[in-house]
Amino acid sequence: EDYEKIHNITKNKKYIDVDKLEEKYQFKIDKNYFENLAFNTQVVIKKNEINYQHGRILYTYLSDYITRNKSSNNNINILETGTARGFSSICMSKALLDSNTNGKIFTIDILPHNVKMVWNCPKDLQQISSRGEILKDWIEELSNIIFLTGSSRNVLNNLFLNRVHFAFLDGLHTYSAVKCEFNYINERQISGDMIIFDDVVKNKYNGVVNLIDEVKKLNIYNIILLEISNFRTFAIATKK
């Protein structure tokens with residue numbers, strides 16, 4: 001009942017900037033699909049209000065990227081840091097499926113995929129589960145996702161991708177961690193490729209903020225900030 005109450009409050013809130021984004025690009029994840037996924041993977045009990053609108057943002061931007069680059073990309077590599085319960089990976093995989101596009105999502109987290117643990121989510125009420133068990137109903141989406149365990153720095157040192165078309169960074173928010181992730185991706189992107197940075201919030205995640213300021217000075221990415229609440233701002237970076 002607690003999880004359902006939190007979910008009902010959250011799903012009925014209006015996020016005007018996200019609505020405008022979907023209207024602008026004409027790509028919108030199915031609402032019932034989205035809310036069912038969010039209930040199972042994003043609704044948690046905590047002091048602060050929950051916000052899972054990044055799933056909509058990722059779906060819209062990735063769908064638009066795929067459409068703009070349909071003729072040049074047969075297989076898309078997507079890199080994510082901060083897998084958590086797998087919500088954002090599933091949203092991005094849904095974009096691949098809906099656009100009938102071949103691609104792989106390489107998602108990194110220090111939490112392993114197949115180890116049972118408490119996740120502070122509704123599944124805990126039934127049994128202690130692994131991430132894989134939480135996501136078992138999204139079998140088609142899982143076929144596009146490769147789960148990698150460890151710090152992003154260590155994993156990236158052993159991840160040999162020639163190209164990263166699209167990336168979502170939401171792992172450790174220290175400057176050194178995000179800088180390492182950015183350097184890896186920047187070397188593997190060409191004009192039009194994208195990075196979405198989560199939690200660009202001053203006085204809370206200054207490491208991310210400082211890295212974004214540095215990237216702006218490099219003048220190799222076009223960067224826009226998308227603020228969807230007082231506590232949630234994204235940086236949308238597109239390679240020039």
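What counts, and at which threshold
- Residues numbered from 1 in each chain as written.
- Predicted model: local features only at pLDDT ≥ 70, side-chain atom pairs only at ≥ 80, totals over all residues.
- Heavy atoms only, no water.
- Helix = DSSP H or I, 4+ residues; strand = E, 2+ residues; numbered from the N terminus.
- Rg over C-alpha atoms; globule rule 2.2 N^0.38 Å.
- Buried < 20%, exposed > 50% of the residue type's maximum accessible area, 1.4 Å probe, protein only.
- Contact = heavy atoms within 4.5 Å.
- Phe/Tyr/Trp six-rings, centres within 6.5 Å; stacked < 30°, edge-to-face > 60°.
- Lys NZ or Arg CZ within 6 Å of the ring centre and 35° of its normal.
- Polar contact = N/O pair within 3.5 Å; in protein donor to acceptor, adjacent residues only side chain to side chain.
- 1 Å grid on protein atoms, 1.4 Å probe; cavity = no way out; pocket = protein on both sides within 12 Å on 5 of 7 lines; lining within 4 Å.
- Points joined across faces, edges and corners; volume = space filled by probe spheres on them.
- Nonpolar A, V, L, I, M, F, W, Y, C, P; charged D, E, K, R; others polar.
- Pairing = 2+ DSSP bridges.
- Expected span 1.5 Å × (residues − 1).

Some thoughts on the overall build of the protein
A count of helices and strands for the protein gives ten helices and seven strands. Over its C-alpha trace the protein gives a radius of gyration of 17 Å, about what one expects of a compact globule, namely 18 Å for 240 residues. Counting only C-alpha atoms and orienting by the principal axes, one finds that the protein spans roughly 50 × 35 × 35 Å. When each of the 240 residues of the protein is scored for burial, the buried share is 56%. In the protein, of all internal contacts separated by at least 6 residues, the share reaching a separation of at least 24 is 73%.

Some points on the packing of aromatic side chains
Here the structure, examined in full by the defined rule, presents six aromatic pairs. One aromatic cluster is present, formed by Phe34, Tyr52 and Phe87 through successive ring pairs. Geometry around tyrosine 33 places lysine 94 over its ring, the cationic atom sitting 4.5 Å from the centre. Here the basic side chain of arginine 188 rests over the ring of tyrosine 184, its NZ or CZ set 3.7 Å away from the ring centre.

Digging into the environment of threonine 83
Counting through the fold element by element, threonine 83 comes out in the loop between β1 (75-81) and α5 (87-98). Separated by 29 residues in sequence, threonine 83 and proline 112 have C-alpha atoms that sit 9.7 Å apart. If we skip the residues at most four places from it in the chain, threonine 83 touches Thr107, Ile108, Asp109, Arg131 and Phe147. Of the polar contacts made by the side chain of threonine 83, one reaches the backbone oxygen of isoleucine 108; its length is 3.3 Å.

What about the layout of surface pockets?
In this structure, the largest pocket spans a volume of roughly 1000 Å³. If you go around the largest pocket, you meet 41 residues; those closest to its centre are Asp170, His173, Asp199, Tyr205 and Arg232. Ranked by the residues each element gives to the lining of the largest pocket, the list is headed by helix α9 (residues 175-186), at three residues. Class assignment for the residues of the lining of the largest pocket results in 13 nonpolar, 17 polar and eleven charged. For the second largest pocket, the calculated volume is near 260 Å³. Contributing to the lining of the second largest pocket are 15 residues, with Lys11, Lys13, Asp19, Lys31 and Arg56 lying nearest its centre. Counting residues per element, the lining of the second largest pocket draws most heavily on helix α3 (residues 31-41), at three residues. Within the lining of the second largest pocket, the residues separate by chemical class into three nonpolar, three polar and nine charged.

Details of empty space enclosed by the protein
Applying the stated criterion across every chain, the model contains two cavities of 30 Å³ or more. In terms of residue class, the lining of the largest cavity is made up of five nonpolar, two polar and three charged.

Here's the deal with unusual backbone geometry
Positive phi, normally seen in glycine, also occurs at aspartate 199, with a value near 60°. Take aspartate 199: its relative accessible area is 10%, and that puts it in the buried class. Of note in this structure, asparagine 219 is not a glycine but carries a positive phi near 60°. Here asparagine 219 is to be found in the loop between α10 (206-218) and β6 (221-229).

Regarding the pairing of β6
The pairing of β6 with strand β7 (residues 232-239) spans eight bridges and is classified as antiparallel. If you follow serine 229 over to β7, its bridge partner there is arginine 232. Between β6 and β7, which pair antiparallel and follow one another directly, the connecting turn spans two residues.

Re α10
With 13 residues, α10 extends 18 Å between its outermost C-alpha atoms, agreeing within 8% with the 18 Å of an ideal straight helix rising 1.5 Å per residue. Of all the positions in α10, only Gly207, Val208, Val209, Leu211, Ile212 and Val215 are classed as buried. For α10, the elements touching its buried residues are α9, β5 (194-197), β6 and β7.

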